[in-house]
Amino acid sequence: MKKTLIFILLIALILTGCGPKTENFASDKKVVTVTTSFLYDMVKVIAGDSVERVLIIPAGEDPHLYLMKPEDSKKLERADLVLYHGLYFEGKMNEALESVGVPVSKDFTDQEIGTIDGDETKLDPHFWFDISLYKKATLTACEELKKLLPERAEEFQKNCDEYLVELDKLDAYNRERLDEIPVESRYIVTPHDAFNYMSRHYNIPVIAPQGVSTETEVGVKDMDETANFIYEHKIKAIFAESTTDPKRMEALRASVLKKGFDVFVVQGEGNELFSDSLATEGKKGDNYIDMYKHNIDLIVNNLK
């Protein structure tokens, strides 16, 4: 009988270990659910271990294409605070998020929000590449966290203020490095238009054969126009992104080769631009500051 009982307990332990992992909400801490790795990092900077952070879209996945899973609904239901980007970045989740969450872009003015091809109804959600807007989003997140835990408001504000100083240092670093690129070479070619805010903030042209959303298809005309631009300006390098298929850039290179010019595709692990996600935790680029420095260093080192 004893052997039978031990066998049953072992089987139960094995089945439990092999079952799907679920978020642990047993903590007595307030639960803050966020949609993306950017916000997961932002909440950590402001609140540290004072809250239980829960992430919906895993780092490395494309928020434009992400589909909600049953467990995601539970993450939203059990949260004491839900933070999301807004501006339709989490497109397929937008309706669910609007009913329960706070967009960190809620205080952006119409003048600050970029649009797609001049169409005011199509908003560009990639605001984090404008550091001034990222600072504004950080302040919004800080205010919401202070409301959630008013007894820690002073601590959260101190963390936020210190972080804003670090973001100013990052901005200065980026400008100094970008100045190393000769004016005639100062063009960034990427798969999709994730860097328009960076383009505006640093006055550096960004060209992409695909639109702002990774859902859109790359047309033959768009590809050919981009290839012509690379050929005419003799651009040295073009950049793959961590959340898009690098074959797009290889196809673009092939189009340029047909015109009689070769361009280097910057790609491979550790040599891709981060656009719609940070790196997974523990890897280079797993926080906002390191991610942005990585992007800038990669661009400058291949274009200067």
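Position numbers for residues count from 1 along each chain, tracking the sequence in the order it is written. This being a predicted model, a pLDDT of at least 70 is required before a residue's local features are given, and a value of 80 or more before pairs of side-chain atoms are given or counted; all residues contribute to the totals for chains, interfaces and linings. Calculation of side-chain values draws on the structure's entire complement of heavy atoms; hydrogens and water are dropped beforehand.

A. Highlighting the side chain of D171. The secondary structure listing takes helices from DSSP runs of H or I that are at least 4 residues long and strands from runs of E that are at least 2 residues long, numbered from the N terminus. Relative to the assigned elements, D171 resides in helix α6 (residues 153-178). Contacts are residue-level and defined by heavy atoms, with any inter-residue pair within 4.5 Å sufficient. D171 has contacts with I131, H201 and Y202, leaving out every residue within four places of it along the chain.

B. Representation of the packing of helix α5 (residues 131-148) against α6 within the structure. Running from N to C, α5 and α6 cross one another at 170°; their axes reach a closest spacing of 10 Å. What the angle tells us is that α5 and α6 run roughly antiparallel. Contacts between α5 and α6 pair I131, Y134, K135, T138, L139, C142, E143, L145 and K146 from the former with A153, F156, Q157, C160, Y163, L164, L167, D168, L170, D171 and N174 from the latter. All amino acids are sorted into three groups, where Ala, Val, Leu, Ile, Met, Phe, Trp, Tyr, Cys and Pro are nonpolar, Asp, Glu, Lys and Arg are charged, and the leftover types, Gly among them, are polar. Among the residues forming the contact of α5 with α6, the class breakdown is 12 nonpolar, three polar and five charged. Interaxial angles span 0 to 180 degrees and are taken between N-to-C directions of axes, which are lines fitted to C-alpha atoms, for helices over the stretch in contact. Comment on the angle field: the value is read as roughly parallel under 35 degrees, roughly antiparallel over 145, roughly perpendicular from 65 to 115, and oblique elsewhere.

C. Just the state of the cysteines, in detail. By disulfide we mean two sulfur atoms from cysteines, separated by a distance within 2.5 Å. This structure, assessed with the given rule, holds zero disulfides. In this model C142 remains outside any disulfide bridge; the closest cysteine sulfur is found in C160, 4.0 Å from its own. Taking the relative accessible area as the measure of exposure, C142 reaches 0% and is therefore buried. Categorising residues by exposure relies on relative accessible area from a 1.4 Å probe, with only protein chains included: less than 20% of the type maximum marks a residue as buried, more than 50% marks it as exposed, and the intermediate range marks it as partly exposed. Classification of C160 as buried rests on a relative accessible area of 0%.

D. Inspection of the pairing of strand β1 (residues 30-34) at higher detail. Within β1, four of the five residues are buried, which leaves the element mostly enclosed by the surrounding structure. Two strands form a pair only when DSSP identifies at least two bridges running between them. The sheet contact formed by β1 and strand β2 (residues 51-55) spans five bridges and is parallel. The residue bridging V31 from the neighbouring strand is E52, located in β2. Where the polypeptide runs from β1 across helix α2 (residues 37-47) and back to β2, its parallel neighbour, the crossover connection is right-handed. Here three bridges tie β1 to strand β3 (residues 81-84), and the two strands are oriented parallel to one another. Paired with V32 across the bridge in β3 is L81. Viewed with both strands pointing away, a crossover whose connecting path from the first strand over the helix to the second turns clockwise is right-handed.

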